[in-house]
Amino acid sequence: MADLDRRDLLIGLSGLAAAASAGACRAAEPPARKIGYAIVGLGYYATRIIMPQFANCRFSRLAALVSGDPAKARTLAAQYDVPERSLYSYQTFDRIRDNPDVDVVYVILPNSMHAEYTIRAAQAGKHVVTEKPMSVSVAEAEAMIAACSKAGKKLAVGYRSHFQPHNLHAIRLVRDGAIGRPRYLLAEHGFVQGDPTKWRLKKALAGGGSLMDMGVYSVQAARYLTGEEPVAVTARSTTDRKDPRFAEVEDLSAWTLEFPSGAINHGMSSYSSNHNFVRLTGDKGRIELEPATPYEGQTLSLTRDGRKEQLTPPPGPAVNQFVGQLDHMAECILNDRQPLISGEMGLQDMRIVDAIYRSAAGGGTIRL
Ligand code: NAD
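Residues numbered from 1 in each chain as written. Predicted model: local features only at pLDDT ≥ 70, side-chain atom pairs only at ≥ 80, totals over all residues. Heavy atoms only, no water.

*Asks:* What is the right way to look at the site of the ligand in this model?
*Replies:* Neighbouring residues of the ligand: 22 residues in total, closest Tyr44, Asn111, Lys132, Arg160 and Trp199. Tyrosine 45 is positioned with one of its backbone polar atoms (N or O) 3.0 Å from an oxygen atom of the ligand. Between an oxygen atom of the ligand and a main-chain N or O atom of leucine 109, the distance comes to 3.1 Å. For the ligand, whose unbound accessible area comes to 830 Å², protein coverage reaches 78%. (Near = heavy atom within 4 Å. Polar contact = N/O pair within 3.5 Å; in protein donor to acceptor, adjacent residues only side chain to side chain. Areas by Shrake-Rupley, 256 points an atom, 1.4 Å probe, with all protein chains shown as cover.)

*Asks:* I'm lost on the sheet that holds strand β2 (residues 60-66) in this one. Help?
*Replies:* Across a sheet, strands are paired by hydrogen bonds formed along the backbone, either parallel or antiparallel in direction. Reading across from one edge, β3-β2-β1-β4-β5-β6 is the order of the six strands in this open sheet, with parallel pairing throughout. Sheet topology places β3 (87-88) and β6 (155-157) at the edges, where each strand pairs with a single neighbour. Here β2 runs beside β3; their pairing, made up of two bridges, is parallel. Looking across to β3, one finds that leucine 65 is bridged to leucine 87. Strands in contact with helix α4 (residues 70-80) are β2 and β3; relative to β2, the strand with the most contacts, it is inclined by about 160°. (Pairing = 2+ DSSP bridges. Helix = DSSP H or I, 4+ residues; strand = E, 2+ residues; numbered from the N terminus. Contact = heavy atoms within 4.5 Å. Axes fitted to C-alpha atoms, helices over the stretch in contact; angles between N-to-C directions.)

*Asks:* Honestly, the nonpolar core in this entry has me stumped. Any pointers?
*Replies:* Side chains that are nonpolar tend, in soluble globular proteins, to be buried together. In this structure, Ile39, Leu65, Leu225 and Ile287 are the most contacted members of the largest nonpolar core, which totals 99 residues. Take this core: its biggest share by element is eight residues, from helix α9 (residues 210-226). Mapped onto the domain boundaries, this core takes at least three residues apiece from domain 1 (6-161 + 320-341) and domain 2 (164-317 + 351-367). The contacts of leucine 65, once residues within four sequence positions are left out, are Ile39, Leu42, Met51, Ala73, Leu76, Ala77, Val82, Ser86, Leu87 and Tyr88. (Core = buried A, V, L, I, M, F, W, Y, C linked by side-chain atoms within 4.5 Å. Buried < 20%, exposed > 50% of the residue type's maximum accessible area, 1.4 Å probe, protein only. Domains from an automatic or database assignment.)

*Asks:* Could you clarify how one ought to interpret the domain arrangement of the protein chain in this entry?
*Replies:* As a measure of interface size, the accessible area lost when the parts come together is often cited. In terms of domain boundaries, the protein chain breaks down into domain 1 (6-161 + 320-341) and domain 2 (164-317 + 351-367). Taking the mean C-alpha position of each, domain 1 and domain 2 sit 25 Å from one another. Between domain 1 and domain 2, the residue contacts involve 30 residues of the former and 33 residues of the latter. Between domain 1 and domain 2 the total buried area reaches about 2800 Å² when both faces are included, carbon and sulfur atoms providing 60% of it. On the surface where domain 1 and domain 2 come into contact, there are one salt bridge. A salt bridge links lysine 132 to aspartate 213; the nearest nitrogen and oxygen atoms lie 3.0 Å apart. Applying the counting rule to domain 1 against domain 2 returns eleven residue pairs in polar contact (both at pLDDT 80 or more). Mapped onto the side of domain 1 that touches domain 2, the elements with two or more residues apiece are α1 (3-9), α2 (14-27), α3 (44-50), α6 (138-151) and α10 (321-335). Here the side of domain 1 that touches domain 2 takes six residues from α2, the largest share from any one element. Each residue belonging to the side of domain 1 that touches domain 2 can be placed in one class, and the counts come to 17 nonpolar, seven polar and six charged. (Buried area = accessible area lost by both parts, 1.4 Å probe. Salt bridge = Lys/Arg side-chain N within 4 Å of Asp/Glu carboxyl O. Nonpolar A, V, L, I, M, F, W, Y, C, P; charged D, E, K, R; others polar.)

Put into structure tokens, the structure is as follows:
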């Protein structure tokens, strides 16, 4: 089987399939009942980015809130028309099983809490979306998949780039051979951390440093653009332990992933410098996404025969990547399909992240 044909079967096309299915549903009548989401954790990403998007969703609605801060929950409930009976604390969370308005629980908590709330949600009979990174260990990710499978519930990871037009178009270009055979992929993600007291800099809550938080975007891009799974990982990490921000977690991680086709990926993540860049070079040209994965403002270029062209991708499956992700899960529930941004996809990322940590700790090249 030719490389490009094989790539068609792998994860690189998950977003394209999502786009196709969402596009088909866009033309259809809206469902009689929208899928009800409970949001667990009312921090920045939940309140500023995700919750306002329900207004743009066709298949999803905000049905319940889970928070340790009752006053904040009540204020947001009033704003979003969530009834008092659908407000929960972390202690009363399990009672969500008795709430027929809630179909799916979306876990937007610090990383080390994703596993606990995913498993409790599944045990309460609800489908689950968990934020990235899926968990803080391979064992946790496996336990999350097992809990959802035992409960007969669907599990998805908040990989919004699979619904983002520039990323989808980049995948399409690679699939269509626009850059020839992929040979080398550079993927960089990072930002400058400030306040050393943040949970992202606490090992117990974050599970790790820049690799857990931003490195997963680099790993994801390498997987969905090449459409291949790495077979070997070699990594280095560098951290100034005298810097109060980095007493517990790593700052800069850099790694090499080797793919079965012979393509190589250099990936990195940082908490002390700004990066958001992906470049995939093939034997006939290259594509660049810069920035590649922010909330908005992506750009995509294609360089062939020495000519660089800025591309405007066709619209994605939904009005934006957040709506695409929310409605994709809702459609999967409505039509009993498996989410494309699956628990297994998140587990594979955790295996790669784990190999990067082990290699950087002196483990040499790790075979996957
Ligand atoms: P945040 O600090 O703004 O919010 C975290 C929430 O968890 C807060 O409401 C906080 O009160 C609550 N919480 C409960 N128990 C806590 C505890 N023991 N310690 C600290 N907070 C606790 O964080 P955020 O930026 O919203 O990130 C939340 C999750 O969402 C993370 O897993 C992060 O990786 C993910 N995230 C994803 C994206 C994306 O683009 N997909 C973007 C941002 C964040």
